[in-house]
Every structure is written in structure tokens, then in C-alpha cells.
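Here is how the chains run, residue by residue.
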Amino acid sequence: MASDTVVEEVHVGVPRIEAASRALTRPTHRAAAALIAVVLLLVVAVAALQSVRAPAARGIDAPAAEFSAGRAFQQVRTIGAQPHPAGSAAAGAVREHLLTTLRGLGLDPQVQETVSVQGGELSSSAGGIGLARLGNVVTLLPGTAPTGRIFLVAHYDSAQTSLGGNDDGAGTAAILETARALTAGPRLRNDVVLVLTDAEEACICGAQAFVDQHPLARGGGVVLNLEARGSTGPAIMFETAADNAALARVYAGAPKPVGTSFAVEVYRLMPNDTDFTSFREAGFTGFNSAYIDGAAVYHAPTDTPAAMDKDSLQHLGANALALTRELGDRDLPALRSDGDAVYFPVPGGLAVYSGALTWPLAGLALLAVLALAWFSRRRGLATGGRLAGGFAAALVPLIAAPVAAQLLWAMLKLIRPGYAEQLIDPYRPFWYRLAILALTATIVCAWYALLRRRLGPAALAVGGLGWLAVLGLVLAAFAPGGSYLAALPALAGALMGIVAVLLRGWWSVLAVTVGAAVAIVVLLPTVVMFFPALGLALGAAGAFFTTLLALAALPIVDLLHPEAGGQRGMVALRARRLGGLPTLVAALTAVACVATGLAVDRFDPAHPSPTHLMYALDTDTGQARWLSQQSKPQEWTGQYVSGGRAPVLDTLPAFGPAEVFSGPAQPAGLPAPTLTPSADTTTGGLRTVTFRLTPQRAVRLITLHVNAEATVSAATVAGRPVPTDRKAGGPWGFGFVFNAPPPDGIEVTLTVPAQIPLRLRAMDASDGLSALPGFRPRPADVGVVGSHSSEMAAVAHTFTL
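The notes below deal with the structure included here. (Residues numbered from 1 in each chain as written. Predicted model: local features only at pLDDT ≥ 70, side-chain atom pairs only at ≥ 80, totals over all residues. Heavy atoms only, no water.)

1. A few points about the nonpolar core
- Core analysis: the largest hydrophobic core is formed by 104 residues, its most contacted members being Leu-412, Trp-447, Leu-460, Tyr-484, Phe-545 and Leu-554.
- The element best represented in this core is helix H18 (residues 505-534), accounting for 15 residues.
- Setting aside residues no more than four positions away along its own chain, Tyr-484 makes contact with Thr-260, Ser-261, Phe-262, Val-342, Tyr-343, Phe-344, Tyr-353, Pro-489, Val-522 and Thr-526. (Core = buried A, V, L, I, M, F, W, Y, C linked by side-chain atoms within 4.5 Å. Buried < 20%, exposed > 50% of the residue type's maximum accessible area, 1.4 Å probe, protein only. Helix = DSSP H or I, 4+ residues; strand = E, 2+ residues; numbered from the N terminus. Contact = heavy atoms within 4.5 Å.)

2. With respect to the environment of Arg-325
- Inspection of the secondary structure puts Arg-325 in helix H11 (residues 310-328).
- Separated by 327 residues in sequence, Arg-325 and Leu-652 place their C-alpha atoms 50 Å apart.
- Contact partners of Arg-325, with chain neighbours within four places excluded, come to Ala-65, Ala-181, Leu-182 and Leu-188.
- Polar side-chain contacts of Arg-325 include one of 3.5 Å to the backbone oxygen of Ala-181. (Polar contact = N/O pair within 3.5 Å; in protein donor to acceptor, adjacent residues only side chain to side chain.)

3. Some words on the pattern of salt bridges
- Evaluation of the coordinates by the stated rule reveals 21 salt bridges.
- Arg-433 is the salt-bridge partner of Asp-293, the closest N and O atoms lying 2.8 Å from each other. One end of the pair, Asp-293, is in strand E9 (residues 285-293); the other, Arg-433, is in helix H15 (residues 430-455), with 140 residues separating them in the sequence.
- Of the charged contacts in the structure, one is a salt bridge between Arg-452 and Asp-558, with a shortest N-O distance of 2.7 Å. One end of the pair, Arg-452, is in helix H15; the other, Asp-558, is in helix H20 (residues 554-559), and 106 residues separate them in sequence.
- You can call Arg-452 buried: its relative accessible area is 6%.
- Salt bridges linked by common partners bring Arg-30, Arg-452 and Asp-558 together as one network. (Salt bridge = Lys/Arg side-chain N within 4 Å of Asp/Glu carboxyl O.)

4. Digging into the packing of aromatic side chains
- Counted under the stated rule, the structure contains 27 aromatic pairs.
- Between the aromatic rings of Phe-279 and Phe-284, the centroid separation amounts to 5.1 Å while the plane-to-plane angle is 85°, which identifies the pairing as edge-to-face. Each member of the pair, Phe-279 as well as Phe-284, carries the same accessibility label: buried.
- Pairing Tyr-419 with Tyr-432 gives two aromatic rings, centres 5.9 Å apart and planes at 75°, and the pair type is edge-to-face. Placement of Tyr-419 in the loop between helix H14 (395-415) and H15 and of Tyr-432 in helix H15 is noted, with a sequence separation of 13 residues between them.
- For Tyr-432, a relative accessible area of 0% gives the class buried.
- One aromatic cluster is present, formed by Trp-409, Tyr-419, Tyr-427, Tyr-432 and Phe-603 through successive ring pairs.
- Geometry around Phe-73 places Lys-310 over its ring, the cationic atom sitting 4.2 Å from the centre. (Phe/Tyr/Trp six-rings, centres within 6.5 Å; stacked < 30°, edge-to-face > 60°. Lys NZ or Arg CZ within 6 Å of the ring centre and 35° of its normal.)

5. Re the state of the cysteines
- Taken as a whole and assessed by the stated rule, the structure comprises one disulfide.
- No disulfide involves Cys-445; its sulfur sits 14 Å from the nearest other cysteine sulfur, which is in Cys-593.
- On the basis of relative accessibility, which here comes to 12%, the residue Cys-445 falls in the buried class. (Disulfide = S-S within 2.5 Å.)

6. Quick look at the sheet that holds strand E23 (residues 746-753)
- Here five strands make up an open sheet; going across it, the order is E17-E18-E23-E20-E21 and the pairing antiparallel. Of all the strands in the sheet, the pair left with one neighbour each is strand E17 (674-683) and strand E21 (720-721).
- As defined by bridge partners, strand E20 (residues 714-717) adjoins E23 across four bridges and the pair is classed as antiparallel. Paired with Ala-715 across the strands is Leu-750, a residue of E23. (Pairing = 2+ DSSP bridges.)

Functional significance is not addressed by these values, which are geometric in nature.
Structure, rendered in C-alpha cells:
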């Protein structure tokens, strides 16, 4: 109450108010209040964590109408038996298995054999043009009275370094098990199309081929794309098409919906693509789902069926089956809506509301915080100066915690250099994630203990909520689907803070506990999802969201500190020491978690240190080089490469301007691709040349680049026109990467200025280095980086026409 305020000496023009009188809560039994609040919030936290946990896997004896991870995993074992990149014999074997399995269900699968144009990791360096010879497996389950089509999509090819047990054996197996469950029951109203794509890893060409060329793609429809970027964790719906309000409500009815509209906003800003990208850009609507934790196996040899968490497979597949059935009996055109929805996981399901409420809620949050500031000042809990100081001070942990998280990761990479090649997460990131949480708690508690007596608990609490309200407005403007993360905790915290100020006593404790509970429900699942999504390499994101949660819960943090007002002498000193106890406990926890993480997450034969190496032979000069894209060569790669990083654009334009380590290698007896002209005409100052580019060995891809001076105005590759406006850079202009080339080569037609000499740089690449001269096998605890250029043996030659 204002009448209880004790005003002390004036310090720098600001009257000091006793800290005990400046808190939003003043329970009569402080320790009991703190214990009850913490216990209640722990219960809420457990419930919030359960909302983003995958359900238990069902065994092979599950009812026929239900999804069974046990049955699906039998498919994973077959699909992930060996690496099966597009065009390989192993990919052909997987395709035949898919056809046999689908025919065994009484279905009529067809193979879409074609050439498609798209992008990809290597093709983006080559100027952004990627092509592939591929074979999609497409199956129609006709509906009884269709209003549209539902497309279940996954890719069955793997990266060349990976068995693809998870990526995307999980999605492919989930669709096969979903098809089995669907055929075991009555037909749905709407058509269901199974699209098992090829060449996703190479260039996302399979999905592009389907939407561009297949008759079943005409008219669009609803897509459920199933992916995996790790080996465990919940299946998160992380991307949708635009105007997703109606679809979000459908997704909320899934058995275990896990997703956040903020993930959609983040993914739209990232350069990542999946098969869903081709469908979305072609006007389809739908969902993109994946489990993403355990990302250390991504594209690596460690992505085996044995690495898969069957609970994650159950989650991915059970949601897909339920959504297919729900959409299968819907009027699909009615699902088109204007605007996006806001959605996020809550205990028991998914909260969904219209995106139209984003700005009103963000505005209300700011007004509520301003009202709390007014009540706090009116009741003598804070002065205007202290409220301003609290707002300014709250920026410190918001900056310090993310910076500390990044510094921690930098320190871990110094201690364990192999972490530098694990671009997302180490094999066992759990203890390091806990360390970031504890480090964040250390910073917040230390900050709070230092400023609590000077500015007062109420001023600091209002300041923290103020930044959440401001962030809610900023996100409403730039990422509307994420505004709820700040606006809702700010709104709930401010409203409950006002209740606490007005009621005091035990009611005030209950009020601030409710406010903190809302923050936990909203923010804790986001912390859990974003740690694996962005990895320890971007641990700052997890630290930032954790700091937001801590700021929203500052009234509870205050209860963990002793009452600080009115003491003198030794009593005051003891209170200050006790006030530092939360900081000390958090700091010791952070140190213990780091130490445990280092002890637990060691490289061994089952969890090898990733290394990158490839081989390049230039038949123009007869010289060969070892190349590595590692950030710093480790002991094993140091045998092959040394010195500084440098680009190889001049001789290997397919790799673009990327800088790599290099070292001399023994030339191998590998033949370069051949180029055989078949036509050469000139009309109106333009020269049109046609030739066949043919690999002379078994290769995964072949590339071609044209000298930059010879501007290509038109190009056709394997009968497909390709864009010519993208350039590789340096001395090279137009270029492309063709994945899975046929043994008899590909026909290329180029139109260039007649007066400019035409130089063509061709390169092909196979997989595997073990047969090359000078190569020594890796030790058991040294592995391969999951990269599309890992273990590549490239041979290049220049032709002049």
C-alpha cells in the first residue's frame, strides 16, 4: 500500500523506497509462498513439456486401422539398408520395393520417369541451375465423390553419404504404412495421391517434375509433406502455405498436434527448401512436418535405421494418417481462407486463433503494461525514474544471455574442435542445452540481485514486461505469427500484476503465479522446439526465449530472494548474501552441465568426429588436389590439406566462390567426360551449338560451365529449356549440374554470340575415395560430414569450340 512506503535518503535525485515495499507481492510467509509458487509452476512446466513430446510407438500388433511405427519400421530397414542417391542402383532397388509394396496393397503405382529442372546445394554454386534424371513413384487412391485431392509426399532417395534411415526413410515408410491403413478401411470421399519423389537431395527435382509435368497435379490440392532432419523428437509442423487459417484448425484436430506459427515465419526467412517448396510455389496448400532433433546424423553415414527413435516415426505417421482421413471427407475448396492463423502448443492440444487478433493483442499487452506501471507508481511501489531505469536495465539480460550462449558454443569448439563441423548440434546436446538454460538463469539472477535494492522489484518486473510488450509489437509488424510469444506473456503478466498490486497478500502470490504460468505455457515449448531447430550453433535463440520467460516470471524470482527492506547491519549483509544464492546455484549448475556434456558427448566409433574430404583431377594439366570444406583441418584431414582457405572457382566452377583447404594429390587414372559436337550454326550474329556431354565412368553428376564472355541467351539440356540469367561467377557464366546422367550422356544446345570464342568446362563426379592413390582409411572414431560434396571424386576438362 502507498501508506506503507518508507522513503529514505535522496540518492542522485531519486528517492529510495525500501525493496520490501516495492515488490508486487508481500506474502506474510515468504518461504511458503515461494515454495507453493515454484511447485505449481513446475507442474505447469511438466504439462507444457508434454505438449511437445512424441507419443509412444505402437507395435506391429496394433489394430489394422491404426498407424504402427513397428510396422513402418520394417519398411525403414529395407529403404535404409544402404546409401541410395538418385540414379544409383540402390535407388532403383528402393523404387522396386516401393512398387512391390504398393501393388501388394491392391494399388496401381506408376513410375514418372523424366528429366526435371530445379535448384540444389551444388547447383546453387553452379549458378542455381540443377537438373536430374529421375523416377517418381505415384499412386492414386480414388475417392468416392472427390472435391479435390490430398497429396502425401516424401522422398525416397538419400544423400550419397547417408543410408537415409531417417531422411527420408521415415517419411517414405510413414506413407506406406498410411496407405496400408487406408486400404484396410472404407474409401475416402476425396482422392488421395501418394507421391514418393526421387532426386530431392540432389535438387528437389522430383517434386518439381511432379507439379510441372504430372496430370494428377493439375488443379492443385492439399499437400502433407513428411520429412526428417534428425533422428528423434516430436514431429513438428513447421511450414504451411499462405492463408493457412482453415488448415491450422484442421491440424489442431490431429492426435498430437505440435507446431507454432512462429516456426512458419522463421522458415519463410531461411534459404532451406524441401519438396513442399515446389508444391507451395505451384499454388498447392498444405503442411510440412518433420522431426528435427538428433541432427548430428543429418545426411551422414550415421543416419541408419538403428538411429531412429520409433516414437518420432509414430508421431509423424499417426498425424499424417489422421489428417488424411479428416481431409479425405472434407469439402477441400472450403479450406481456402484469407489470412494466416496464430497457433502454438498448449497442454492437451493446439491453441489457434485468427491472425487478425495479432495487432489488438499486441496493443492490449502494451496498454496493460502501461497500466501496471501507473498502478505501481500510484501505490508507491516505484517512481517514474525507477520505472524508466527498470525498462532500460531489462535490456541487459536480453543481450547478455544470447551473447553468453554463443560464447559457450565457441568455447566448446575450442575444447573439442570436431564440434566445428557439426553445424547444427553435437551427438548428445542435452547437457549443453541445460547449460545454456542455467547460464541464462545465472545472468538473470545476478542482474536481478544487483539491481533489486536500487530500482525495486516492481520497477524491474514492469521493465521486463515492457520489453515483452515492445517485442510483441515488433513481431506483429515483421513476423505476425510470432507476436504471441511476447504479447501473451506480457498481457497476462501485466494483468495479473495489476491484480497483485490491488489485492496484495496471498492473492497477489496467486496472481503472479498465474501470470508466470501463462509465460511457461507459451514460451517453454518454443525453447524446447527451437534448440534442435537452430542447434547449439545458434544457441542464442534458446537463451533469448529463456530470458523472455525469466523476465515474465520476475515476481516469482523475487520470492526466491530474502525480504530486503528495513534491515541494518549484519541482518542486511546476511540478506544480501542469501540474495546471491540463486545466482550461485545457477552458475554451479551451468558449470556442472558443461562438464557432464563434455564427459558424455565424446567422439567414438558410434559417434565419429565428422571430416570432409574430396578429390579433384584437372585433366588439362594432369594435376590433382585434395580439397576440404572443413572450417579447420583436423588431424586426419591435415594429412591431405594444409595452408589457408582459397576459392577453386577457376578450375571447379561447380563449387562457386566457396573457399576450401587444398593439398597436392597423386593423379588417378580417371577419364574426363567427353564432349562431342553434332551441330553448329550461325544466324544473325548468334551461334547455336549442339553437343553431347558423356561421362566415361559411373558418376553421380556431371556439370558444364561456359566462359563468362560468351553470354548464353538460350539453353536446352536433355530436351529441357533452362534459364540462362544466373551465373557461376569469376571467369565462368552460365552453368548447370545434371544429376544421375544416363551412361550415354546428355544432349546440350547453347545459343551464344557468334564472335566470341566458346570455352566449356566440364566436370563429372563419383562417390568414394577409397580406390584413389594416396588415400588412407579413416580411424574408427573419424567419420564423414553430411555434405553433398563429401567423398566426391571429381574430374574436369576444358573444351574449346
